[in-house]
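Below, each chain spelled out in residue letters.
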Amino acid sequence: MNQRLQRALGRPDRPDEPLEPPSERPVGWRLSERAHRLGLVAACALFGALLSGHAWAFALAAGPVVWLLLAATPGTRPDRIEAHATIPVLRCFEGEPMTARIELSYAGSAGGLDPAVYPGPGVELISLEQHGAVLDLEFTARRWGRWSLGTVDVDVYDRGGLARQTVRVELGECEIFPLPDESTLTPIPTRLPNRLGEHTSRQRGEGLEFVGVRPYRWGDRQRRINWAATTRRGSVQIGEFAAEQATDAVVLLDAFGDVVGTHGGSTLDDSVRVAAGIARAYLRSHDRVGIVSLGGRLRWLTPGTGSTHLLRIVESVLDVRRDLGYQTPDLDRVPPPALPNGALVYAVTPLADDRFVDALQDLALRGNPAVVVEIPAGEPRLDPEDPGAPLALRLWRLDREALRFSLTERGMPVVAWDGESTLDLVLAPLLRQPVHGRTR
Amino acid sequence: MNTLLDALPTRILGALLLVGALDPARWPDHLSPQWFSGALALAVGFLVGAPIVDRPEMRSHRLRHQLLRYRNTLLAAAAVLIAAFQSPPAWLMAVELALLLTYLMLVDAGTAPARPADQQLNHAAYAYAGSALVLVAALVPVNGGGWGRIVAGIAVLGTLGLLLGALRLRYAAGYRRGETDSAARRH
């Protein structure tokens, strides 16, 4: 990190930790550090000279006084200072750069600009360049969410460097979309809705996968005659194929809490990446995907299809975490309109909140086939001086095992994603057979 | 975290400034308390002499933080106060003066946003010249005849002339805005 960037961020020892923007600066001109320094040195020299009676000490005051007089020439201050910020793109994916340009306008000429940048939470300043009265800033966001991009205080100095005036610029809000985890597998439920798609179902239809032969019936197409079977059986046989249908998938996101995961990251971050990965995989195979985020502000999106639907899904979950704030949950049940009959439900959760477990039980009662994708939460820290701590940890682990077992017994298979392996590896066991769910 | 080797020239200047203020020319040859105070001044000057590169922001009202924030100013002010009560030989006065002005110039360059280089050089030259004139005037023996008063008068006049001449200087550049300049003229 270069020196200019460190100065703008204002915390050279901890540059990654953003400062809170200070309260509004006083309006108008105020003395700079340089003016204070020269004034104090001159005053000390004069005071010492007068007190000690040494004439040479006046010479120590002469230099700072000359500097002050030269720098304080009238008409060296710019007037009517205004700042205008331009941010061309306020939406991007994690890790992508965002640029902001601050143009200062004033009457007269200024001596120098000294910007202080207070990036919002989750946003990082990566470069800062100054071209005359224009500041070019480049930010990047390491975490998805709807963040305040930040605040910039620009100190405008007069030409002598003796006075400064601060102009505050608010950069507004940005939307950072999560990067979906790579996933290509799309497990399907036992029953698929009667809609054309790409999944091979158990029903007979006009697909490509051969499932058997049957005797010819009046009205069958001649091109479906299976000649090998006809020759073998002595009567006309018709080849049968599996239907190819689309499915409905709904991702249920646990936003009740955000705990530290096993690899030290945030479980909510990982949950959203998994949700986006699942949604993208199903949308690529032309299925309909919806999302429900439980916890905080309840948001849901009815299942839809198409490439732009992924962006709608991702945008709908951004509100679950706003500037790392917390919102009291509106509802801890899945709203019926958000869940089509027979839709396959992916519940992405760290299984850390009982309210979400209640919602899963409610889901099981509705009969929807469901899969729980667990984002493992880190284990609780042990007090080394507590002799009962290892026993408590063991109980905690057993409790979680029991929870997983109970969910599996209710027809909801539990798969765990550790945040490091691919999502395909986690979902692969679900391809062995369609997801059943609980029968009514 | 700054290491001790960061901004080495400014640290050395700060140390020398503080030691010079203690009038080392009059220290005895044998080990004495002056030598200890000199060593202490050397260490303090070296430690706090580095220019502050952070923005001038009040982040804490604690005394320790305030001292750290204004350490350059306090170092220069302390050196000047101590030096004002000494009467070193003339060569040491000149050295002390040069050290003070150079230190202030380097610290300003490190802390304030960049001002035009030719403006900085011009102002520094006038500051050196003005200080030198005042020093010469202070060292002239005024009770040794008429010459002393003449030289002192010339020094005072010269300093005033320097100031008036410098005030007529045109500044080399700022960040000018053409359209706002014309708008300002219309008003």
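Residues numbered from 1 in each chain as written. Chains lettered and ligands numbered in written order. Predicted model: local features only at pLDDT ≥ 70, side-chain atom pairs only at ≥ 80, totals over all residues.

Peer 1: Would you explain the domain arrangement of chain A in this entry?
Peer 2: Note on interface size: it is often stated as the accessible area lost on association of the parts. Residue and element names in this part refer to chain A. You can read the domains of chain A as domain 1 (3-29 + 77-177), domain 2 (204-242) and domain 3 (248-431). Of note, the centres of domain 1 and domain 3, computed from C-alpha atoms alone, are 38 Å apart. Listed per partner, the contact involves ten residues of domain 1 and ten residues of domain 3. At the level of elements, strand S9 (145-148) and strand S12 (173-177) are the ones that each hand at least two residues to the side of domain 1 that touches domain 3. The class makeup of the residues in the side of domain 1 that touches domain 3 is four nonpolar, three polar and three charged. (Domains from an automatic or database assignment. Contact = placed C-beta atoms within 7 Å. Helix = DSSP H or I, 4+ residues; strand = E, 2+ residues; numbered from the N terminus. Nonpolar A, V, L, I, M, F, W, Y, C, P; charged D, E, K, R; others polar.)

Peer 1: When you look at the packing of helix H1 (residues 8-20) of chain B against helix H2 (residues 33-48) of chain B in this model, what are you seeing that I'm missing?
Peer 2: The relative placement of two packed helices is expressed as an angle between their axes plus a distance between the axes. Residues and elements named next belong to chain B. Across the interface, H1 lies against H2 with an axial gap of 7 Å and an inter-helix angle of 150°. Between H1 and H2, the crossing angle belongs to the class labelled roughly antiparallel. Of the two possible hands of crossing, H1 and H2 adopt the one that is right-handed. Residues Arg 11, Gly 14, Ala 15, Leu 17, Leu 18 and Val 19 of H1 form the contact with H2, whose own contacting residues are Gly 38, Ala 41, Leu 42, Val 44, Gly 45, Phe 46 and Val 48. Here the contact of H1 with H2 is composed, by residue class, of nine nonpolar, three polar and one charged. (Axes fitted to C-alpha atoms, helices over the stretch in contact; angles between N-to-C directions. Parallel < 35°, antiparallel > 145°, perpendicular 65-115°, else oblique. Left-handed = near helix turned anticlockwise from the far one by under 90°.)

Peer 1: What's the story with the sheet that holds S12 of chain A in this structure? I'm lost.
Peer 2: Adjacent strands of a sheet pair through backbone hydrogen bonds, lying either parallel or antiparallel. Residue and element names in this part refer to chain A. Pairing within the open sheet is mixed, and its three strands lie in the order S3-S12-S9. Either end of the sheet is taken by a strand with one partner, and the two such strands are strand S3 (91-93) and S9. Geometrically, the sheet is characterised by an average inter-axis angle of 30° between neighbouring strands, direction not taken into account. As paired elements, S3 and S12 share three bridges and run parallel to each other. Bridge assignment links Phe 93 to a residue of S12, and that residue is Phe 177. (Pairing = 2+ DSSP bridges.)

Peer 1: Would you explain the sheet that holds strand S18 (residues 344-349) of chain A in this entry?
Peer 2: Residue and element names in this part refer to chain A. Strand order across the open sheet formed by six strands is S17-S16-S15-S18-S19-S20, with mixed pairing between neighbours. Unpaired on one side and paired on the other, strand S17 (299-304) and strand S20 (414-416) mark the two borders of the sheet. The mean inter-strand angle of the sheet, taken between neighbouring strand axes irrespective of direction, is 20°. As defined by bridge partners, S18 adjoins strand S19 (residues 370-374) across five bridges and the pair is classed as parallel. Bridged to Tyr 346 within S19 is Val 371.

Peer 1: Where do I start with the confidence of the model for chain A in this structure?
Peer 2: A low pLDDT score tells you not to read the predicted coordinates there in detail. Of the residues in chain A, 93% have a pLDDT of 70 or more, and the chain-wide mean is 83. By mean pLDDT, helix H1 (residues 3-9) of chain A is the weakest element of chain A at 79, and helix H4 (residues 227-233) of chain A is the strongest at 92. (pLDDT = per-residue confidence, 0-100.)

Peer 1: Can you help me understand helix H8 (residues 389-409) of chain A in this one?
Peer 2: Each α-helix winds once per 3.6 residues, and so residues spaced three or four apart point in a common direction. All names here are of chain A. The first and last C-alpha atoms of H8 sit 30 Å apart over 21 residues, in line with the 30 Å expected at 1.5 Å per residue. Burial analysis of H8 places just one of its 21 residues in the buried class, which makes it a mostly uncovered element. Downstream of H8 by a residue or two, Gly 411 has a phi angle that is positive, lying close to 90°. (Expected span 1.5 Å × (residues − 1). Buried ≥ 20, exposed ≤ 12 C-beta atoms within 10 Å, placed from the backbone.)

Peer 1: What exactly am I supposed to notice about the interface of chain A and chain B here?
Peer 2: Contacts between the two partners involve 51 residues from chain A, matched on the other side by 48 residues from chain B. Listed by contribution, the elements that provide at least two residues to the side of chain A that touches chain B are H1, helix H2 (33-52), helix H3 (57-71), strand S4 (97-107), strand S5 (109-110) and strand S6 (112-119) of chain A. A per-element tally of the side of chain A that touches chain B places H3 of chain A first, with twelve residues. Tallied by class, residues from the side of chain A that touches chain B come to 26 nonpolar, 17 polar and eight charged.

Peer 1: Can you help me understand the nonpolar core in this one?
Peer 2: Soluble, globular proteins show a tendency: their nonpolar side chains are buried together. Residue and element names in this part refer to chain A. Among the nonpolar cores identified, the biggest contains 87 residues, and Val 251, Leu 252, Leu 253 and Ala 275 are the most heavily contacted of them. Examining the composition of this core, we find that ten residues originate from one element, helix H5 (residues 267-284), more than from any other. Looking at this core, you find at least three residues from each of domain 1 (3-29 + 77-177) and domain 3 (248-431). Sequence-distant contacts of Leu 252, defined by excluding residues within four places in its chain, comprise Val 292, Leu 294, Val 334, Val 345, Tyr 346, Ala 347 and Val 348. (Core = buried A, V, L, I, M, F, W, Y, C linked by C-beta atoms within 7 Å.)

Peer 1: For this particular structure, what's the right way to read unusual backbone geometry?
Peer 2: Most peptide bonds are trans, and most residues other than glycine sit at a negative phi. With a phi angle near 50°, Arg 80 of chain A is a residue other than glycine that sits in the positive phi range. Positive phi values are uncommon outside glycine, yet His 286 of chain A reaches one of about 60°.

Peer 1: Would you explain the packing of H3 of chain A against helix H6 (residues 117-139) of chain B in this entry?
Peer 2: Running from amino to carboxyl end, H3 of chain A crosses H6 of chain B at an angle of 145°, the nearest separation of the two axes being 8 Å. When the axes of H3 of chain A and H6 of chain B are compared, the crossing they make is right-handed. Of the residues in H6 of chain B, those touching H3 of chain A at Phe 58, Ala 59, Ala 62, Gly 63, Val 66, Trp 67, Leu 70 and Ala 71 of chain A are His 123, Tyr 126, Ala 127, Gly 130, Ser 131, Val 134, Leu 135 and Ala 138 of chain B.

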